[in-house]
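Coordinate analysis (summary)
One-letter residues, chain by chain:
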Amino acid sequence: MPSINLTPLLPISADTSPQGILTIANQDLDLLADQYGTPLYLYDAATIRYQVNTLNRLLEQVYPGESLVAYAAKAYFSEGLSHKLAAMGLGIDVVSLGELELALRGGFPPGAIHLHGNNKSEAELSAALQINAQAIVVDNLDELYWLENLASRRRDNHKARIWLRVTPTVQGHTHAHIDTSGANSKFGLHIENGQAAAAIRYARASAWLDLAGLHTHLGSQLFDPHTYREAIHQLYQLAQSEHFQPQEFSPGGGWGVRYTANDPDDNYALWLGAVCAAVVEECARLGWPLPRLVLEPGRSLVGRAGVALYRVGAQKTTPSGLRLIAVDGGLADNPRHALYQARYTALAVRQANPGATSQARLVGKFCESGDVLIPEVLLPQVERGDLILVPVAGAYQLSMSSNYNLAPRPAVLWLAENGVELLQKREVPNQSGWWMLP
Ligand SMILES: Cc1ncc(COP(=O)(O)O)c(C=O)c1O
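Calculation notes
- Residues numbered from 1 in each chain as written.
- Predicted model: local features only at pLDDT ≥ 70, side-chain atom pairs only at ≥ 80, totals over all residues.
- Heavy atoms only, no water.
- Helix = DSSP H or I, 4+ residues; strand = E, 2+ residues; numbered from the N terminus.
- Polar contact = N/O pair within 3.5 Å; in protein donor to acceptor, adjacent residues only side chain to side chain.
- Pairing = 2+ DSSP bridges.
- Right-handed = clockwise from strand over helix to strand, strands pointing away.
- Salt bridge = Lys/Arg side-chain N within 4 Å of Asp/Glu carboxyl O.
- Buried < 20%, exposed > 50% of the residue type's maximum accessible area, 1.4 Å probe, protein only.
- Near = heavy atom within 4 Å.
- Areas by Shrake-Rupley, 256 points an atom, 1.4 Å probe, with all protein chains shown as cover.
- Nonpolar A, V, L, I, M, F, W, Y, C, P; charged D, E, K, R; others polar.
- Contact = heavy atoms within 4.5 Å.

With respect to the side chain of His-217
- Here His-217 lies in the loop between strand E11 (209–215) and helix H8 (225–241).
- Reaching out from His-217, the side chain makes a polar contact with the backbone oxygen of Gly-219 at a distance of 3.2 Å.
- Here the side chain of His-217 touches Gly-253 through a polar contact of 3.2 Å, landing on its backbone nitrogen.

Given below as structure tokens:
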């Protein structure tokens, strides 16, 4: 296997030959890079399956009620991945018409699809109403009144099945840009100012709304299970004060993943142990039946499964002695460092067990000084054309990618025991200069 500290960051099918050449699912990565171009993104089927199975097994062990794992599509989604995940029996959390459409095309049943968003459009709400989605997760009072109005105009007399997104007063302990639980968060109905309680009362009294559950999502890249426990306690106190027993309860997603060997333990058991114990304890305290528990992992389900491959281009040393290695991607396919100083590591695919390494900065090819992939990383001597792999590239990279400098979005491959499948083609230019999927 690759150098000892990187193994837990790589897909589980990664292996290193005695010559130090890294493979994933037994595939020659240089051949794939030649065939599909770089940057190239790979998703390891075995890792995703392992994550899904681990979640389901843990839920069976620690939650005595019904449960559903619903993938947060925003982490990365494409029609190809939609088919794969639907076949694994997951539910899905979507936030746009595009994600909803791909979920349906992939085969997710409407009853396993829920719609999020702090400012949903009429088209998005209407589409969710029309398919009778599992739930529309109402984010604010304004949306609650508007949705009721839209539901009242339906001809089929179906009530809108909703959850309320509730914002408790807990501290997410993550980067401010991915903390959704603060007092000034744009997301959710705050408990503190009485809006969450008002929404429960309003929804229950409405002839057009069917209040089925409560939801909260505290932020992303969280490692402290106590944050979840506290939030769940606050949501159940709210429910108790309104005498509302939720049929469904979702503590969101947000569990962190390790991007570098120094990151904390990302074991699912810590997260699920805390979440399930909290829900079970609250229901026991109140004498209420257990709700159907709906988890919404995004990053933790697909983060480690994905890797990004780049080819080395120009290299230089700055006057201060900084070793710069430029690769053929960067900010356009992965804006996470520029957005919130996300940390990564990297390795050279043909020197996965290097003898000698030195500190380098991995930069992209785009016209921004902030186009840095990794400010400090230990790498061996590399040459133009060598393949660099960035692990834990499966979440919030391609889904936040852009065509900056009119760069095409990369191809995405699914690597399984039975071979390679194209999940997403590399973009090509159309006549007006814009990029499109061929
Ligand atoms: C409502 C909601 N659920 C789930 C997620 C998934 O979070 P993560 O990918 O950190 O698990 C997000 C991410 O922003 C979210 O907003």
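Overview of the pairing of strand E13 (residues 292–295)
- In this sheet, E13 lies alongside strand E5 (residues 67–72) in parallel orientation, the contact comprising three bridges. Across the sheet, the residue bridging to Ser-67 is Leu-293, located in E13.
- Across three bridges, strand E12 (residues 248–252) lies against E13 in parallel orientation. Paired with Phe-249 across the two strands is Leu-293, which belongs to E13.
- Tracing the backbone out of E12, into helix H9 (residues 268–286) and back to the parallel element E13 gives a crossover that is right-handed.

Thoughts on the pattern of salt bridges
- Scanning the model with the defined rule gives 18 salt bridges in all.
- Among the salt bridges present, the one from Glu-66 reaches Arg-292, with a minimum N-O distance of 3.1 Å. With Glu-66 in the loop between helix H2 (45–62) and E5 and Arg-292 in strand E13, this residue pair connects regions lying 226 residues apart in the sequence.
- Note on Arg-292: relative accessible area 22%, which makes it partly exposed.
- Between Glu-242 and Arg-201 there is a salt bridge, with the nearest N and O atoms lying 2.8 Å from each other. With Glu-242 in the loop between H8 and E12 and Arg-201 in helix H7 (residues 195–205), the pair connects residues that are 41 residues apart, well separated along the chain.
- By relative accessible area, which is 15% here, Glu-242 ends up buried.
- The class of Arg-201 is partly exposed, set by a relative accessible area of 46%.

A few points about the site of the ligand
- With respect to spatial proximity, 15 residues lie near the ligand, and among them Ser-220, Gly-254, Glu-296, Arg-299 and Tyr-396 are the closest.
- Here an oxygen atom of the ligand sits 2.2 Å away from a polar atom, N or O, in the side chain of Ser-220.
- The side chain of Glu-296 places a nitrogen or oxygen atom 2.6 Å from a nitrogen atom of the ligand.
- Here the ligand loses 92% of its free accessible area of 390 Å² to cover by the protein chains.
- Grouping the amino acids of the shell around the ligand by side-chain chemistry returns three nonpolar, seven polar and five charged.

Section: the environment of Cys-276
- Tracing the sequence through the fold places Cys-276 in helix H9.
- The spacing of Cys-276 and Thr-169 is 107 residues in sequence and 20 Å in space, taken between C-alpha atoms.
- Residues within four places of Cys-276 in sequence aside, it is in contact with Leu-59, Val-62, Tyr-63 and Leu-293.

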